[in-house]
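Residues per chain, in single letters:
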Number of protein chains: 2
Amino acid sequence: MDPKLTFAAAWLAFISIFSHSSAQEKIEQWSRFEVGLSAKTTQNPYTDVDLTAVFSNGKETVTVTGFYDGDDRYKIRFMPTSTGKWEYITRSNLPALSGQRGELECVPAKGRNHGMVQVYHTYDFRYADQTPYYPFGTTMYAFLHPDTEREEQTLRTLAQSPFNKIRICLFPKTYEYNNEEPRYFPYREVEGAVPDSGRRAVWDFSRFDPDFFAHLERRIDDLGRLGIECDLILFHPYDEGYFGFDRMSRDNDLRYVKYVVARLSSFRNVWWSLANEWDLLRQKTREDWVEILETVAQSDPYGHLLSIHNGKVYFDYHHPLITHCSIQNESAYEEFGRAGLIKDCYRKPVVFDEICYEGNFPNRWGSLSGQEMTYRFWQAALVGTYATHGETFTSDDHIAWTEKGAVLRGESAPRIGFLRGIIEQTGPLTIIDNWRYPNFSRGRNGQVVIYLGKESPQEWTFMVPTRTRWADGTRVKVQVLDTWNMTVADVNDTFVTRSVGYEINDRQGKTVPLPGRPYLALILTPEEFENRE
Amino acid sequence: MDPKLTFAAAWLAFISIFSHSSAQEKIEQWSRFEVGLSAKTTQNPYTDVDLTAVFSNGKETVTVTGFYDGDDRYKIRFMPTSTGKWEYITRSNLPALSGQRGELECVPAKGRNHGMVQVYHTYDFRYADQTPYYPFGTTMYAFLHPDTEREEQTLRTLAQSPFNKIRICLFPKTYEYNNEEPRYFPYREVEGAVPDSGRRAVWDFSRFDPDFFAHLERRIDDLGRLGIECDLILFHPYDEGYFGFDRMSRDNDLRYVKYVVARLSSFRNVWWSLANEWDLLRQKTREDWVEILETVAQSDPYGHLLSIHNGKVYFDYHHPLITHCSIQNESAYEEFGRAGLIKDCYRKPVVFDEICYEGNFPNRWGSLSGQEMTYRFWQAALVGTYATHGETFTSDDHIAWTEKGAVLRGESAPRIGFLRGIIEQTGPLTIIDNWRYPNFSRGRNGQVVIYLGKESPQEWTFMVPTRTRWADGTRVKVQVLDTWNMTVADVNDTFVTRSVGYEINDRQGKTVPLPGRPYLALILTPEEFENRE
């Protein structure tokens, strides 16, 4: 290497550190600290330059990987998970980038910053600061790819929505309902190369396009400000070789995920979704996916939530590196309790990330009514799992929410918000006696939630399963919910329990009048205990 | 060791080899070859004598473990899996047992001997000789423990039944419906020791009782002659410390399973079921079970089928040493397709080894009607899984089949036999389009089976899902089954297919008249292909 170049690079690096990370820079816990460095190289900076930094606060040591960001610039990003003073030192095979030191002061998080979402109590999630997190997500595969104005409009819609998670694809999509040309591509084209027929371009898979990633990062931060987790889909099959990102070589796949993780693991609201409909990516085997899985997990120093979404065939969600199940199933919500079987098998949190879409597409997966979408969300929630929303309405502008965002046209979103409010009150639900009374669930706070589904009863006779374990003489208050009209009404009576066989009844056999409409629910709150037996 | 004793032991061993395994003894493939040896020792022959034999046919080498059988006798058992000449040599830390040689001639199996049952095609089973095996099992926890006459009666009943698998407990059971004193115990008592209150005896866990095992082995062979696989339950919770076999130390547990496997792994019709309702054995952790699992698998040179049965909580059936899922679930059969979710999650054969029992017990698990039991068998079979029967009828003699055998009193057994005949004809079933048409299944032979369950239709309009992939113009024959009355009637018409959207109909919209009873099924056989479009 030219010594003059090295000197210049080192000088630039020195300047860069000072401009980006002055001593004692204050960073909120779980926020992003960035070190900027500059250096020239005659090699390919994406593939031939290794750059890491070791951050230490005296107790913990975290090694993070830097990345090349174009124009001779390199970045190292770090998300401190503990408050206090952290110091770092860089290491690189490019001398100008190596041995750089600095420090930061990590201060407590505030406002909407609750840290990363993590698995909690086997089946649930919570933020790093122990705030509960219940995923009520939506889907927008091509959030990234349309014009700026539509992105801004989408963000405004999301801000008014009940959704706190969104599934987006990193790679562009070419598909019946989505064939717009993206603004940015993750790779640079090979200049002058002519692609094969049916191919979009000849990509240089050894050179990423930093503009693509800057755009992605800006939008992930926008989502974070709205309190929305970004469930980032790293591979998908809606390409069929046109872009060719569905059929890169193993080496290119691994280089890609390492680069993405190096750039994005310091974003606290990122979840890794290895794929959408992994089983439709016919070019990859289960062994390929395990290698991608291991590479993502090993590259991520923070342990972001990590899963892979199925088409028809489940991946091995038991794999210890997979944090939760990201399931597609169109029939797990048809009857009470059914969705819980998957939770029982995997003993991990289950998010039903595709349950079909509310809309009027001709396809059977894109034509749920708002009632059916809401019903499926309730069925998922009753067993302590979570559903994910999507919308596929045809429109004059050919913009369906689940493809390209913009506005919500369906009726389910506010009802999903109503359900979210209920779950935030009761805590996660579990079926009380799942083989016999699958529509009776208990919240972690002790309340019982009974969902009446598609029936339209005029009254309900007080009953809960004996496994509710309410002692005889327990006094219970009842609320009637209309989950479609989003109302909650207190029943002006108190019920007193008596256990008979497998059921607990009211001593006097009292009933609750109901409005004779579908989609009703009851919330039972044990008021006080009074054993009169 | 006393040299005189050693000489005497060696001499006895010499005699023993000649009496039990003369040169060129002929043994059927997958049958049992036994070497008998004798030796005296002043140590505990169950715990202090190591005895193995290496069998070789020049290509394969199999190391089997011998066991002490009382009265200074030791046995080594071997099941040859390939025909031809095998030689062996013994190894022991007791010199009299070591270095003994012999040979056998393994000849082809004949008659009902099809070899061990193994996993086939991910979800199915077949015998080692490639004969298909479809488990249609029943349950008799205390088969071993009553009197000889009742055992013989049970065997006569089984001979007339459709069942080809039986789940039995090795350890005795003490339970509401089963508190007879067993004839034999697996361990000897400590002489003169007085047990704690509520305990049956003080056992010497270092000394097994060979009479107990000889009795067990005789009965396993009796089952084998009937073509019945013995799904042997090694631990169970129906003890509560009375016998104390549910709460032995880890060392005793492992010594026990090693002894059992040494004695029984040469029985081709044995399956290992580590436990019944493992999650109710509160003294053991998941880690304990993994150690027991590994010990059984490592001790068994043949790889017998190996599972563990749950109460409410599933074990990790993904564990690579578990060959199939042995599931209890009371609600997996309530709706079409539901049982298949478990198969999809585990990607192994699924046997629903408890689906409640046909009977009139007051407990909800023991009061299925014959219709409901049969219905559940059909629901399991439609998704390519298998159910297991049991009976719990009260009677004057207090003998319920599922506890103690004797006679079958229910109505489901012959209907289960009818279903078995159907599955033997169609091959294993798979749902064709499981998220939308869960009661349409396809057999491996190409036939379509449609189960109509609890509805009582007067007619059926020809339709199969498009994913059946029958080209337009396919000619189809239809049979109507009454699964309760066990009849099959040919429909005197031919249907010609035409695909429209997600469904394939008859061109002329033809219907099939039905008898308006529940539990009907249809079998559709594509006759020939004729594309007229």
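Numbers given to residues run from 1 along each chain, matching the order in which its sequence is written. The naming scheme follows written order: chains are lettered A onward, ligands numbered 1 onward. Selection of residues for local features in this predicted model requires a pLDDT of at least 70, selection of side-chain atom pairs for listing and counting requires 80 or more, and totals for whole chains, interfaces and linings are taken over all residues. Side-chain numbers come from the whole structure's heavy atoms, not from hydrogens or water.

> Just checking my understanding: could you explain the overall build of chain A for this structure?
Within chain A, the regular secondary structure consists of nine helices and 34 strands. With the radius of gyration taken over C-alpha atoms, the globule rule is written as 2.2 Å times the number of residues to the power 0.38. For chain A, whose C-alpha radius of gyration is 26 Å, the value lies close to the compact-globule estimate of 24 Å for 533 residues. Between buried and exposed lies partly exposed: a residue is buried under 20% and exposed over 50% of the maximum accessible area for its type, with that area taken using a 1.4 Å probe on protein chains only. Counting over 533 residues, chain A shows a buried share of 60%. Residue contacts follow a heavy-atom distance rule, with two residues in contact if any of their heavy atoms lie within 4.5 Å. Sequence separation of at least 24 residues holds for 69% of the intrachain contacts in chain A that already meet a minimum separation of 6. When the accessible surface of chain A is totalled, it reaches about 20,600 Å², and 47% of it is carbon and sulfur. Side-chain charges in chain A split into 60 positive and 73 negative, and the spacing between the mean points of these groups amounts to 3 Å. Put simply, DSSP H or I for four residues or longer makes a helix, DSSP E for two residues or longer makes a strand, and each gets a number counted from the N terminus. Calculation of accessible area relied on Shrake-Rupley with a 1.4 Å probe; when residues are assessed, cover is drawn exclusively from the protein chains displayed. Residues counted as positive are Lys and Arg, residues counted as negative are Asp and Glu, and His and the chain ends are not counted. We put the charge of a Lys on NZ, of an Arg on CZ, of an Asp on CG and of a Glu on CD.

> What is the right way to look at the packing of aromatic side chains in this model?
Each aromatic ring pair is summarised here by two numbers: the centre-to-centre distance and the angle between the ring planes. Under the pairing criterion, centres of Phe, Tyr and Trp rings, with the six-membered ring standing for Trp, must be within 6.5 Å; the plane angle then separates stacked pairs below 30 degrees from edge-to-face pairs above 60, leaving the rest tilted. Tallied over the entire structure, the rule returns 98 aromatic pairs over all chains. Ring geometry for A:F205 versus A:F245: centroids 6.4 Å apart, planes at 80°, classification edge-to-face. With A:F205 in strand 15 (residues 203–208) and A:F245 in the loop between strand 16 (229–235) and helix 4 (250–264), this residue pair connects regions lying 40 residues apart in the sequence. Like A:F245, A:F205 is buried. On the numbers, 5.6 Å between centres and 35° between planes, the contact of B:F125 with B:W271 is tilted. In this pair, B:F125 sits in strand 10 (residues 124–127) while B:W271 sits in strand 17 (residues 270–275), placing the two residues 146 residues apart along the sequence. Look at B:W271 and you get buried, because its relative accessible area is 1%. In this analysis the charged atom, NZ for Lys or CZ for Arg, is taken to sit over a ring once it is within 6 Å of the ring centre and within 35 degrees of the ring normal. When the ring centre of A:F267 is taken as origin, the NZ or CZ atom of A:R32, which lies over that ring, is 3.7 Å away. For the cation-ring pair, B:K284 lies above B:F235, with the distance from its terminal atom to the ring centre recorded as 4.8 Å.

> Would you mind showing me how to read the sheet that holds strand 13 (residues 165–169) of chain A here?
Hydrogen bonds between backbone atoms are what pair the strands of a sheet, whose relative direction is either parallel or antiparallel. Residue and element names in this part refer to chain A. Reading across the sheet, the eight strands line up as 18-17-16-13-12-22-20-19 and stay open at both edges, with parallel pairing between neighbours. Whereas interior strands pair on both sides, the edge strands pair on one side only; in this sheet they are strand 18 (306–307) and strand 19 (325–328). As defined by bridge partners, strand 12 (residues 137–139) adjoins strand 13 across three bridges and the pair is classed as parallel. Of the residues in strand 13, the one forming a bridge with T138 is I166. On top of the sheet, helix 5 (residues 286–299) reaches strand 16, strand 17 (270–275) and strand 18; it is set at about 165° to strand 17, its chief contact. Pairing between strands is defined by DSSP: at least two bridges between them are needed. The angle between two axes is taken between their N-to-C directions and runs from 0 to 180 degrees, where each axis is a line fitted to C-alpha atoms and a helix contributes only its stretch in contact.

> I would appreciate a short explanation of helix 2 (residues 148–159) of chain A in the present structure.
Given 3.6 residues per helical turn, the α-helix brings residues three or four places apart onto the same face. All names here are of chain A. Residue count minus one, scaled by 1.5 Å, sets the expected span of a helix. Helix length check: helix 2, at twelve residues, gives a terminal C-alpha distance of 17 Å against a target of 16 Å (1.5 Å per residue), a fit within 8%. Turning to helix 2, its buried residues number three or more, namely R150, E151, T154, L155, T157 and L158. End-on view of helix 2: buried residues confined to an arc of 160°, all on one side of the axis. Away from its buried face, by an angle of more than 90 degrees, helix 2 presents the exposed residues E149 and R156. In this fold, the buried residues of helix 2 make contact with strand 12, strand 13, helix 3 (210–225) and helix 8 (401–404). The directions from the helix axis to the C-beta atoms form the arc being described.

> In this structure, what is going on with the interface of chain A and chain B? I would like to understand it.
How big an interface is tends to be stated in terms of accessible area lost as the parts join. Of the residues lining the interface, 32 residues belong to chain A; the matching set on chain B comes to 32 residues. A pairing counts as a salt bridge when a side-chain nitrogen of Lys or Arg comes within 4 Å of a carboxyl oxygen of Asp or Glu. Our enumeration of links across chain A and chain B arrives at four salt bridges. Residues A:R364 and B:D433 are paired through a salt bridge, measuring 2.8 Å at the closest nitrogen-oxygen approach. A 3.5 Å cut-off defines polar contacts: any pair of N or O atoms within that distance qualifies, except that in protein one atom must be a possible hydrogen donor and the other a possible acceptor, and neighbouring residues in sequence count only when both atoms are side-chain atoms. Along the contact surface separating chain A from chain B lie 17 residue pairs in polar contact (both at pLDDT 80 or more). Among the elements that make up the side of chain A that touches chain B, the one with the highest residue count is helix 6 (residues 340–346) of chain A (five residues). Classifying every residue of the side of chain A that touches chain B by side-chain character gives eleven nonpolar, eight polar and 13 charged. Gly is placed with the polar residues, together with every amino acid not listed as nonpolar (Ala, Val, Leu, Ile, Met, Phe, Trp, Tyr, Cys and Pro) or charged (Asp, Glu, Lys and Arg).

> Sorry, what's going on with the relation of the copies chain A and chain B here?
Each of the two chain copies can be brought onto the other by rotation about an axis and movement along it. To superpose the copies, least squares is applied to the C-alpha atoms of every residue with a pLDDT of at least 70 in both. Structural alignment of chain A on chain B gives an RMSD of 0.1 Å, achieved by rotating through 180° and translating 0.1 Å along the axis. The two molecules are tied by a two-fold rotation axis, judged by turn and shift. A high fraction, 100%, of the interface residues of chain A reappear at the interface in chain B, so the copies pair face to face through one surface.

> It is not clear to me how the pairing of strand 3 (residues 51–56) of chain A should be interpreted in this structure. Could you clarify?
Where a strand is regular, its side chains alternate between the two sheet faces. Residues and elements named next belong to chain A. On strand 3, burial follows the alternation: L51, A53 and F55 on one face are buried, whereas T52, V54 and S56 on the facing-out side are not. With six bridges joining them, strand 3 and strand 7 (residues 84–92) adopt antiparallel strand pairing. Bridge pairing in strand 7 places V54 opposite I89. From the end of strand 3 to the start of strand 4 (residues 61–65), which pair antiparallel, there are four residues, and G58 there has a positive phi angle of about 95°.

> Explain the pattern of salt bridges here, please?
Pairs can form between side chains of opposite charge once their charged atoms are near each other. For the structure on display, the rule yields 86 salt bridges over all chains. A salt bridge links A:D69 to A:R73; its shortest N-O distance comes to 3.6 Å. On the accessibility criterion, A:D69 (6% relative accessible area) is buried. Judged by its relative accessible area of 33%, A:R73 falls in the partly exposed class. When the shortest N-O distance is used, the salt bridge between B:K75 and B:E34 registers 3.7 Å. Here B:K75, found in strand 6 (residues 73–78), pairs with B:E34, found in strand 2 (residues 33–38); they are 41 residues apart in sequence, far enough to count as distant. With a relative accessible area of 15%, B:K75 lands in the buried category. Linked by salt bridges that have partners in common, A:E34, A:D69, A:D71, A:R73, A:K75, A:R77, A:E217 and A:R263 make up one network.

> I would appreciate a short explanation of the side chain of A:H389 in the present structure.
Mapping A:H389 onto the fold places it in strand 22 (residues 386–389). Here the side chain of A:H389 touches A:T138 through a polar contact of 2.8 Å, side chain to side chain.

> How should I be thinking about the nonpolar core in this particular structure?
One broad trend across soluble globular proteins is that nonpolar side chains are buried collectively. Among buried residues, the Ala, Val, Leu, Ile, Met, Phe, Trp, Tyr and Cys ones that are joined through side-chain atoms within 4.5 Å form a nonpolar core. In terms of nonpolar packing, the biggest core is built from 278 residues, with A:F55, A:L234, A:F235, A:Y256, B:F55, B:F235 and B:Y256 touching the most fellow members. Apart from residues no more than four positions distant in its own chain, B:F55 is found in contact with B:F33, B:V35, B:E60, B:T61, B:V62, B:V64, B:I76, B:F78, B:W86, B:E87, B:Y88 and B:L104.

> Mind showing me how you'd approach the sheet that holds strand 16 (residues 229–235) of chain B here?
All names here are of chain B. Taken together, the eight strands give an open sheet; going across it, the order is 18-17-16-13-12-22-20-19, and neighbouring strands pair in parallel fashion. With partners counted over all chains shown, the strands left at the sheet margins are strand 18 (306–307) and strand 19 (325–328), one partner each. By the bridge criterion, two bridges tie strand 12 (residues 137–139) to strand 22 (residues 386–389) in an arrangement that is parallel. Residue pairing for strand 22: G137 is matched across the bridge by T388. On top of the sheet, helix 4 (residues 250–264) reaches strand 16 and strand 17; it is set at about 165° to strand 16, its chief contact.

> Is there a simple way to explain the environment of A:S249 in this structure?
All names here are of chain A. Note on placement: S249 falls in the loop between strand 16 and helix 4. For S249, a relative accessible area of 36% puts it in the partly exposed group. For the pair S249 and E191, spaced 58 residues apart in sequence, the C-alpha separation works out to 20 Å.

> When you look at unusual backbone geometry in this model, what are you seeing that I'm missing?
Excluding glycine, residues mostly have negative phi values, and the peptide bonds linking residues are mostly trans. Located in the positive-phi region is A:W30, a residue other than glycine, with phi close to 65°. As for its position among the elements, A:W30 is in the loop between strand 1 (25–28) and strand 2 (33–38). Given a relative accessible area of 9%, A:W30 falls into the buried group. In the Ramachandran plot, B:D72 falls in the positive-phi region, its phi being about 65° despite a non-glycine side chain. Among the secondary structure elements, B:D72 is positioned in the loop between strand 5 (67–68) and strand 6. You can call B:D72 partly exposed: its relative accessible area is 21%.

> Whenever I open this one, the side chain of A:S307 confuses me. Can you help?
Assignment of secondary structure puts A:S307 in strand 18. A polar side-chain atom of A:S307 sits 2.6 Å from the main-chain carbonyl oxygen of A:H324.

> Even after reading the chapter, I still don't get helix 5 of chain A, so can you show me in this structure?
Residue and element names in this part refer to chain A. For helix 5, spanning 14 residues, the distance from its first C-alpha to its last is 20 Å, which sits close to the expected 20 Å at 1.5 Å a residue. Taken as a whole, helix 5 has its buried residues at R286, D288, W289, I292, L293, T295 and V296. The inward-facing, buried residues of helix 5 contact strand 16, helix 4, strand 17 and strand 18.

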